[in-house]
Amino acid sequence: MSAATSESVNFSELMESSPSFGQDEIRRMLGAAIGAGAVEFRRAVEQAAVSGNPTIKVRAGIGQYFLGQHQRAIDALAGCEEGIGRFYRALALSTLRRHEEAAEEFRAAAKAGFNAAECKLREAGEVRMSGDLDKAEQLIRSTGSEGARLAEYSYQMGAVLFDRGDTFGAIEYFERAVDMDPHHVRALFALALENSLHGNDDEAIKLYERCLSKPPYYIGALLNLGLLYEDSENYACAQYCFEKVLQHDPGNERARLYLKDIEATSNMYYDEETLKAQ
């Protein structure tokens, strides 16, 4: 996978002694939590998780969400009074497909002071994934001009259109979301999937790689990217993707099966090369 550069961040200091811990600090932290920084990030989160300080515990819970430890994040952020903690607890619930609980938590996050338009748009997403497209659209539009300025608005409108079968309309909204926020993971994923379905594998690979440029690492993106790498005979990168899935989800049978295929393919090429050498 393509390499990325990152700034140096003292994760432990940011988690445990920084006077503020908002979206700007989280963006800085995630920008550095790649490559060698990923190990330091995990260590800082694990250290903060055992703290008895409620403020540090909230930061640890947010860190656990980005490490893919969703149930631990939900437990750590339970009863949190800070809007940012409620927001990330909602994201963890959503990842585990507990959509009704997630919608309720997004509402609580807004009441606790987190960005109201963002929370309403995220709530709309949970309503949509529960099957009520009309109510989801009503919630999206209720955010008005404040919501329309956010990439999340375009993504959620695109998702509603996609679920209604309007693929072309959906793609326009997903592209608009990525124009507004080049790191909008779910919009990137949606565009990657569409490109892959239409045989545009090179573009799909680029989009999936952008999805995975920083945590959290989405299982679906890793699996799909691994399969595209395998199809293009980039077996080392495919193996990396499937191993990454198993790191976050040890029971993932699809990743385990795909990894066995990669290993079998590697052995086959080794045998062929040995035969040629003889």
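Our subject in this report is the structure included herewith. Since we're looking at a predicted model, the values are computed, not measured.

Turning to the overall build of the protein, a few remarks are in order. Check the secondary structure of the protein and you find 17 helices and zero strands. Radius of gyration (C-alpha) of the protein: 20 Å, near the 19 Å computed for a compact globule of 278 residues. Overall size of the protein, expressed as C-alpha extent along the three principal axes, is 70 × 50 × 30 Å. The buried share of the protein, reckoned over its 278 residues, is 47%. In the protein, the proportion of contacts linking residues at least 24 apart, taken out of those at least 6 apart, comes to 49%. About 14,200 Å² of surface is accessible on the protein, with carbon and sulfur atoms providing 48% of the total. Taken together, the 30 basic and 44 acidic charged side chains of the protein have centroids lying 6 Å from each other.

Tracing the backbone shows Ser 18 in the loop between α1 (11-16) and α2 (23-32). If near-sequence neighbours (up to four positions away) are discounted, Ser 18 is found in contact with Glu 13 and Arg 59.

Side chains of Asp 166, Glu 172, Glu 175 and Asp 179 sit close together on the surface and give a patch of like negative charge. Tracing the sequence through the fold places Glu 175 in helix α12 (residues 167-180). Residue classification places Glu 175 among the partly exposed residues on the basis of a relative accessible area of 41%.

A complete count under the given rule lists 13 salt bridges for this structure. Salt-bridge contacts for Arg 122 lead to Glu 118; the nearest nitrogen and oxygen are separated by 3.1 Å. Remark: Glu 118 and Arg 122 occur in helix α8 (residues 116-129); sequence separation between them is four residues, near one turn of the helix. According to the relative accessible area criterion, Arg 122 is buried, its value standing at 16%. A salt bridge links Arg 164 to Asp 134, with the nearest nitrogen and oxygen atoms 2.8 Å apart.

Moving on, we come to helix α15 (residues 219-231). Between its terminal C-alpha atoms α15 stretches 18 Å, which fits the 18 Å expected from 13 residues at 1.5 Å a residue. Those residues of α15 lying buried are Ala 221, Leu 222, Leu 223, Asn 224, Leu 225, Gly 226, Leu 228, Tyr 229 and Glu 230. Glu 233 sits one or two residues past α15 and shows a positive phi near 65°.

Overall, the coordinates contain ten aromatic pairs when judged by the stated rule. An angle of 65° between the planes, with centres 5.7 Å apart, marks the rings of Phe 189 and Tyr 208 as edge-to-face. One end of the pair, Phe 189, is in helix α13 (residues 185-197); the other, Tyr 208, is in helix α14 (residues 201-211), with 19 residues separating them in the sequence. Residue classification places Phe 189 among the partly exposed residues on the basis of a relative accessible area of 25%. If you follow Arg 186 out to its NZ or CZ, it ends over the ring of Tyr 155, 4.7 Å from the centre.

Tracing the sequence through the fold places Ala 92 in helix α6 (residues 83-95). The class for Ala 92 is buried, based on a relative accessible area of 0%. Not counting chain neighbours up to four residues away, the residues in contact with Ala 92 comprise Tyr 65, His 70, Ala 73 and Ile 74.

Thresholds, definitions, all that
Residues numbered from 1 in each chain as written. Predicted model: local features only at pLDDT ≥ 70, side-chain atom pairs only at ≥ 80, totals over all residues. Heavy atoms only, no water. Helix = DSSP H or I, 4+ residues; strand = E, 2+ residues; numbered from the N terminus. Rg over C-alpha atoms; globule rule 2.2 N^0.38 Å. Buried < 20%, exposed > 50% of the residue type's maximum accessible area, 1.4 Å probe, protein only. Contact = heavy atoms within 4.5 Å. Areas by Shrake-Rupley, 256 points an atom, 1.4 Å probe, with all protein chains shown as cover. Lys, Arg positive; Asp, Glu negative; His and termini not counted. Charge placed at Lys NZ, Arg CZ, Asp CG, Glu CD. Patch = residues over 30% accessible without salt bridge, like charges linked within 9 Å, V, L, I, M, F, W, Y side chains within 5 Å. Salt bridge = Lys/Arg side-chain N within 4 Å of Asp/Glu carboxyl O. Expected span 1.5 Å × (residues − 1). Phe/Tyr/Trp six-rings, centres within 6.5 Å; stacked < 30°, edge-to-face > 60°. Lys NZ or Arg CZ within 6 Å of the ring centre and 35° of its normal.

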